[in-house]
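Overview (structure and organization)
If you want the building blocks of each chain, they are given just below.
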Amino acid sequence: MAIRCAVVGSGNIGSDLIAKIRRSESLDAALLVGIDPDSDGLARAKRAGIATTSDGVDALLAQVDDLGIDLVFEATSASTHAANAPRYREAGLTALDLTPAAVGPYVVPSVNLDAIRTEPNLNLVTCGGQATVPIVAAISRVATVDYAEIVSTLASRAAGPGTRANIDEFTETTSDALVRVGGAGRGKAIIVLNPAKPPIIMRNTVFAAVPAGVDADAIREAIHTMVDTVQGYVPGYELVSDPLIEPGLGPDGSTKVSVFLRVTGAGDYLPAYAGNLDIITAAAVATAERLAPSITPRTALVRR
Amino acid sequence: MTSASPTPDLESASEREPAPGFDSPVVGGADTPPLAGRRISVCDTTLRDGSHSVAHRFTTSDVERISHGLDTAGVEVIEVTHGDGLGGSSFTYGFALHSDLDLITVARRQIHNAKLAALLLPGIGTITDLRHGVDAGIDVVRIATHCTEADIAIQHLGEAKRLGLETVGFLMMSHMLSPEDLGLQASIMADAGADTVYVVDSAGAMLPHQVVARVDAVSRAVGDGVRVGMHAHNNLGIGVANALAAAEAGAQILDGSCRGLGAGAGNAATEVLSAALDRAGAATGISTLELLDLAENTVAAIGAGKLPVLDRGSVLLGYAGVYSSFLLHTRRAAERYHVSEAEVLLELGRRRVVGGQEDMIIDVALDLAR
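A quick note: this is a predicted structure, and the numbers were derived from the prediction, not measured. (Residues numbered from 1 in each chain as written. Chains lettered and ligands numbered in written order. Predicted model: local features only at pLDDT ≥ 70, side-chain atom pairs only at ≥ 80, totals over all residues.)

Examining the overall build of chain A
Counting its regular elements, chain A contains 11 helices and 12 strands. Against the 2.2 N^0.38 benchmark of 19 Å for 304 residues, chain A shows a C-alpha radius of gyration of 19 Å, consistent with a compact globule. By principal-axis analysis of the C-alpha atoms, chain A measures approximately 65 × 40 × 30 Å. Taken across its 304 residues, chain A has 58% of its residues classed as buried. When contacts within chain A are restricted to residue pairs at least 6 apart in sequence, those whose partners lie at least 24 apart make up 71%. (Helix = DSSP H or I, 4+ residues; strand = E, 2+ residues; numbered from the N terminus. Rg over C-alpha atoms; globule rule 2.2 N^0.38 Å. Buried ≥ 20, exposed ≤ 12 C-beta atoms within 10 Å, placed from the backbone. Contact = placed C-beta atoms within 7 Å.)

Quick look at the structure:
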């Protein structure tokens, strides 16, 4: 039996989530929640026969039982999720948070899903985090990463108002996840928006400082293996070139590892350049699918 | 610069009272100076943009001597930060010898009259960095975004006002946007609380008429309560000329750096700008002779071997419209991966990379090396 999902936020991320949930065999799109009755996202969902509301989270919470909702995807903003999280918990909803609010522990499906799957609120870090934390985690498996730094470059058109209003939260949450999930000693994240036309495909660069004398082949192998794993749920995730491993170029004589990544989107809501949408929505859906078997559907409990 | 057409109601140059700090003997031409009666503020960014020239290796003693000299000479605003702003120290932009906060703290002790500024690029630095900057004594923060992305500065400008700072919105790579669209972006920053909005020629790609059109459009868009500034680079050899053109078009604050120390071919040299502003009749509050001494005796020595020059790479930045601080990173990458510096710069221009995308330099170099 599929678990029933609500998506809160009818912008770029929410609309992309709806498209992916509709394709999933273990998830049903039960409700899309917005605040603007004229939003493109709500109109599309309506046309696809999905229940919608423009009355925000209050409307969702009033219908949890009626619609039999089990799980909520948060695609609003960090401050909105901080306010909503306790209400979801009270309503017994599992929450997957795609804002950088970081209320619950971070989940990066290719790295730590098995360790934290029983938590009621999981945070998807950021799009940049989903693209880069796996690489840092892969390097950490074979070497000590003293410092990891990432640069995510998005097409301006792929960065909606929520992303734009949360630039600081993006860099801080991503940096933190490089340490907590990636295993780096210290982390730094940089985000750049590029307005070029036609829009550029999402790019991510990972730099890591590892001790001199590391096994370069082991690092390369770990990175390639991880890229394969991420491709399992984000098909457009790829290395642009072979990782560079350069002795002496890091701080204090350490070795610098440079990894250049490109994320081409599946084109579900925005076109293929918006790999930033895909990588976080695909990670969220992959997480929900893995959680599904352990969630008892409300529809099986509630007599309507 | 050609002088503006004489305006009958202004006093002639010979009758004019010397402006405050106007202590250079102006000789020659009796034509009316174009900036007569205008107060023009100067922001010196030797210790921020100039940080690019020295690969972010300023020592505390460098900062002490330069900030002391600038303050004594009467410069209104002194900017001290990593070249890429608060939090810029990184693999991507170059690790700094000293933290921003250490350098700001050192400068604070030397500065008694000027305002101390820091740069912040949303996406690189954060409001947490800004708060630390305030604790270390900054008076002004300049929030820089690519010229089309002003809305990512709203958070930071608002918080800066709440922290009691003077605020500047800094529209980088302004050559990439039409004057009208630049005006729209400027009004986003003004609405978010910017006291001043800058036209920033990060690539040193603009010609004087383009500067004039943009300063004019931004001035109209932000209205009377907001100052307009200009940050020039010298990649086409017209840094000072562009700054003067901006002033004539209504800009009230101009950036410079001593000996032009800064990314690419550097900035408009502050001491040259000060001399030119004197000749143009503007009141700057700066002692040009003291500034010339500082540039000659202190900054030239600190920057020895690293002073910006109008070489092939620098000119190509302006020619291809590439962010000036890409130059030294490109030079290193070209050498390391055995590719042509010129080809890398031209390809970066074709890809329309923007400030902050220094990681793409290695990417382009590796592509060309294949």
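As for the interface of chain B and chain A
When the parts of a complex come together, some accessible area is lost, and that lost area is often taken as the interface size. Taken together, the contacts link 23 residues of chain B with 26 residues of chain A. The dominant element in the side of chain B that touches chain A, judged by the number of residues it contributes, is helix H14 (residues 359–369) of chain B, at 4 residues.

Some points on the pairing of strand S8 (residues 186–194) of chain A
Residues and elements named next belong to chain A. When you tally the buried positions in S8, you get 8 out of 9 residues, the bulk of the element. Here strand S7 (residues 147–155) pairs with S8 via 9 bridges, running parallel. Paired with Leu 154 across the two strands is Leu 193, which belongs to S8. (Pairing = 2+ DSSP bridges.)

Things to note about the pairing of strand S5 (residues 94–97) of chain A
All names here are of chain A. Both faces of S5 are covered, namely the face carrying Thr 94 and Leu 96 and the face carrying Ala 95 and Asp 97. As paired strands, strand S4 (residues 71–74) and S5 are joined by 4 bridges and run parallel to one another. Across the sheet, Phe 73 pairs through a bridge with Leu 96, a residue of S5. A crossover connection joins S4 to the parallel S5 through helix H5 (residues 78–90); in handedness this β-α-β unit is right-handed. Judged from the 3 bridges that link them, S5 and strand S6 (residues 121–123) form a sheet pairing that is parallel. Bridge pairing in S6 places Asp 97 opposite Asn 123. Taken together, S5, helix H6 (residues 109–116) and S6 constitute a β-α-β crossover, and its handedness is left-handed. (Right-handed = clockwise from strand over helix to strand, strands pointing away.)

A short note on the environment of Ser 314 of chain B
Residues and elements named next belong to chain B. Mapping Ser 314 onto the fold places it in helix H11 (residues 312–320). Judged by local crowding, Ser 314 falls into the buried class, with 24 C-beta atoms found within 10 Å. Sequence separation of Ser 314 and Tyr 93 is 221 residues, and the distance between their C-alpha atoms is 18 Å. Apart from the residues lying within four places of it in its own chain, the contact partners of Ser 314 are Asn 235, Gly 264, Ala 265, Pro 308, Val 309 and Leu 327.

As for the domain arrangement of chain A
Residues and elements named next belong to chain A. According to the domain assignment, chain A contains domain 1 (3–123 + 284–300) and domain 2 (127–273). Taken together, the contacts link 19 residues of domain 1 with 22 residues of domain 2. If you list the elements that add at least two residues to the side of domain 1 that touches domain 2, you get helix H1 (12–23) and H6. It is H1 that provides the largest number of residues to the side of domain 1 that touches domain 2, a total of 5 residues. Tallied by class, the residues present in the side of domain 1 that touches domain 2 amount to 9 nonpolar, 8 polar and 2 charged. (Domains from an automatic or database assignment. Nonpolar A, V, L, I, M, F, W, Y, C, P; charged D, E, K, R; others polar.)

Some points on helix H7 (residues 127–142) of chain A
In an α-helix, one turn spans 3.6 residues, which is why side chains three or four residues apart end up on the same side. In the structure, H7 of chain A departs most strongly from a straight axis at Val 133 of chain A, where the bend amounts to approximately 30° and where the proline Pro 134 of chain A lies between one and four residues downstream. Of all 16 residues making up H7 of chain A, 14 are buried, and the element is well covered by its neighbours. (Bend = angle between axes of the 7 residues up to and from the residue.)

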